[in-house]
Amino acid sequence: MAKRMLECVTSDFQRFHKKDWLESIGASEGRVIACETIGMVMPMLGNITNAEFAASMGADILLLNIFDVNEPVIYGLPKVEPSECIRELKRLTGRMVGINLEPVEDGFVAEGQDEVWKISEGRKATLENARKALEMGVDMVLLTGNPGNGVKNQAITDTLRKLKAELGDQLILAAGKMHASGILSEGGENIITKRDVEEFIQAGADIVLFPAPGTVPGITMEYVRSLVETAHSRNVLTMTSIGTSQEGADENTIRQIALMCKMAGTDIHHLGDSGYTGMALPENIIAYSKVIRGVRHTYRRMAASINR
């Protein structure tokens, strides 16, 4: 059995493979934080990546959004070959790194979409792109959808099957949506249902993602709790997600969301990338962390050297 993630240091993570990551997360009993960051926007600290900033605030898992495997960019990194940027980020942070890939349907047209979210070929959830991500050193792929990109749950399920068959022994596969992603029929509670959870799991998901309670209309703590119970009954981990810019809300709101997610029973607590564009507000990462694991484990993760 792998060590609890909240007690691990870089030298532990360097030995981890897929099974170890999943065991380590599960053993932490709902005290793991994943922070989503964007590498292709100006970092909040100029020449320090947003991912490094999030890690310094206590993130256990770094999840890169709008990451194109054909044209990889993480602003703030020291100069490295593009194909080495994931490994360089892992060297600098000592953290698990995942990326978002999007099962976008061909021909879908988003109306009035913000330019930053528009899909590129290297962000699509294809087997080729997932294989490239693995070769670059990515530990986890999350199949999800950015605002307006038209990602349906059925497309997530279909993609999961393909990735599981080819890469399932090597790559952690997470799946789910943080918001409707441009599909009005999959808004509110229909963003994800128990049936969706079952289908994701049958298709090969290792982690199922839900909107965090209070982040999407109709998504209550009780509803998320029922979805978590469904996933856990199949021995699959869960991730609650703040994907509605509330990662930039006041700290009291963040604390309420954190406690509801804890009561729902989730394994991983996700904060999105839009406090300002690029990452959650740093003070909110700390505030969230204190709620779910207290100051001792919060400061321990922040203080531990990557050379340990």
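Notes on the structure in this doc start here. Note that this is a predicted model, so its numbers are computed, not measured.

Here N153 is to be found in helix α6 (residues 153–167). Only 2.9 Å separates the side chain of N153 from the backbone oxygen of I191, close enough to count as a polar contact.

On to the packing of helix α9 (residues 251–264) against helix α10 (residues 282–303). Where α9 contacts α10, the two axes come as close as 9 Å, and the packing angle between them is 40°. Regarding the angle of α9 to α10, the classification is oblique. Between α9 and α10 the crossing geometry is right-handed. Together, E251, I254, R255, I257, A258, L259, C261 and K262 of α9 and E283, N284, A287, Y288, V291 and I292 of α10 make up the contact between the two elements. Here the residues of the contact of α9 with α10 are counted per class, giving nine nonpolar, one polar and four charged.

We now examine α9. Taking 1.5 Å per residue as the helical rise, α9 with its 14 residues ought to reach 20 Å, and the 20 Å between its terminal C-alpha atoms agrees with that figure. Taken as a whole, α9 has its buried residues at I254, I257, A258, C261 and A264. The buried residues of α9 occupy an angular sector of 120° when projected down its axis, which confines them to one face. Residues of α9 that are buried make contact with α8 (221–232), β7 (237–242), β8 (268–271) and α10. If you check the start of α9, you find a side-chain oxygen 3.2 Å away from the backbone N of N252, and it comes from D250. Once α9 ends, the next one or two residues include G265, with phi positive near 95°.

In this section: the side chain of D12. Mapped onto the secondary structure, D12 falls in helix α1 (residues 10–13). Residue D12 is classed as buried on the basis of its relative accessible area, which comes to 7%. Residues within four places of D12 in sequence aside, it is in contact with K3 and E7.

Let us look at the sheet that holds strand β1 (residues 32–38). What the eight strands build is a closed barrel, ordered β1-β2-β3-β4-β5-β6-β7-β8; its pairing is parallel. Ignoring strand direction, the axes of neighbouring strands in this sheet form an average angle of 25°. The pairing of β7 with β8 spans four bridges and is classified as parallel. Residue S241 lies in a different strand from β8, and its bridge partner there is H270.

Turning next to the packing of α8 against α9. Where α8 meets α9, the closest approach of the two axes is 8 Å, and the angle between their N-to-C directions is 40°. The angle between α8 and α9 places the two elements in the oblique class. For the element pair α8 and α9, the recorded crossing hand is right-handed. Across from M221, V224, R225 and V228 in α8, the residues of α9 making contact are M260, M263 and A264.

Okay, the environment of R195 next. Structurally, R195 is set in helix α7 (residues 194–203). R195 sits 114 residues away from E81 along the chain, and the two C-alpha atoms are 43 Å apart.

Looking now at the packing of aromatic side chains. Aromatic ring pairs are defined here through the distance separating the ring centres and the angle between the ring planes. Using the criterion set out here, one finds three aromatic pairs in the structure. Relative to F16, the ring of F13 lies with its centre 5.7 Å away and its plane at 75°, an arrangement referred to as edge-to-face.

Applying the stated criterion across every chain yields a total of zero disulfides. The thiol sulfur of C35 is not disulfide-bonded, and the nearest other cysteine sulfur, from C261, lies at 13 Å. Judged by relative accessible area, C35 falls into the buried class, the value being 1%. Residue classification places C261 among the buried residues on the basis of a relative accessible area of 0%.

Before going further, it helps to spend a moment on a nonpolar patch on the surface. Together, M44, L45, I48 and Y276 line one region of the surface with nonpolar side chains, adding up to about 370 Å² of accessible area. Structurally, the position occupied by Y276 is in the loop between β8 and α10. Judged by relative accessible area, Y276 falls into the exposed class, the value being 57%.

Attention shifts here to the pairing of strand β2 (residues 61–65). Of all five residues in β2, five are buried, a share of seventy percent or more. Pairing analysis gives five bridges linking β1 to β2, with the strands arranged parallel. Bridging across to β2, I38 finds its partner in N65. Pairing of β2 with strand β3 (residues 96–101) involves four bridges; the strand directions are parallel. Directly across from L63, in β3, lies its bridge partner G98. Between β2 and its parallel partner β3, the chain crosses via helix α4 (residues 85–93), and the hand of that crossover is right-handed.

Scoring rules and cut-offs
- Each chain has its residues counted from 1, following the order in which its sequence is written.
- pLDDT decides what is reported in this predicted model: residues at 70 or higher carry local features, side-chain atom pairs at 80 or more are listed and counted, and totals for whole chains, interfaces and linings draw on all residues regardless.
- As a rule here, side-chain values come from all non-hydrogen atoms in the structure, and water together with hydrogens is ignored.
- Elements are defined by DSSP. Helices are runs of H or I of four residues or more, strands are runs of E of two residues or more, and each kind is numbered from the N terminus.
- Polar contacts, as counted here, are pairs of nitrogen or oxygen atoms within 3.5 Å of one another; within protein the pair requires one atom able to donate a hydrogen and one able to accept it, and residues that are adjacent in sequence qualify only if both atoms are side-chain atoms.
- Each axis is a line fitted through C-alpha atoms, and for a helix only the stretch in contact is used; angles between axes span 0 to 180 degrees, taken between their N-to-C directions.
- An angle below 35 degrees is read as roughly parallel, one above 145 as roughly antiparallel, one from 65 to 115 as roughly perpendicular, and any other as oblique.
- When the near helix sits turned anticlockwise from the far one by under a right angle, the crossing is termed left-handed; a clockwise turn instead gives a right-handed crossing.
- Any two residues having at least one pair of non-hydrogen atoms within 4.5 Å are treated as being in contact.
- Gly falls in the polar group here, along with every residue not listed as nonpolar (Ala, Val, Leu, Ile, Met, Phe, Trp, Tyr, Cys, Pro) or charged (Asp, Glu, Lys, Arg).
- An expected span of 1.5 Å times one less than the residue number is assigned to each helix.
- Exposure is judged per residue with a 1.4 Å probe applied to protein chains only, and the accessible area is read against the type maximum: over 50% gives exposed, under 20% gives buried, and values in between give partly exposed.
- Directions from the helix axis toward the C-beta atoms define the arc.
- At least two DSSP bridges between two strands are needed for those strands to be called paired.
- Classification of ring pairs uses Phe, Tyr and Trp, with its six-membered ring standing for Trp, and accepts pairs whose centres are within 6.5 Å; under 30 degrees between planes counts as stacked, over 60 as edge-to-face, and the remaining range as tilted.
- When two cysteine sulfur atoms are found within 2.5 Å, that pair is recorded as a disulfide.
- Like charges within 9 Å and nonpolar side chains (Val, Leu, Ile, Met, Phe, Trp, Tyr) within 5 Å are joined into patches, using only residues over 30% in relative accessible area that form no salt bridge.
- What sets the accessible areas is the Shrake-Rupley method with a 1.4 Å probe; for residues, cover comes only from the shown protein chains.
- When a carboxyl oxygen of Asp or Glu is within 4 Å of a side-chain nitrogen of Lys or Arg, the pair counts as a salt bridge.
- By convention, orient the strands away from the viewer: a clockwise path from the first strand over the helix to the second makes the crossover right-handed.

This is a description of form; function is not addressed.
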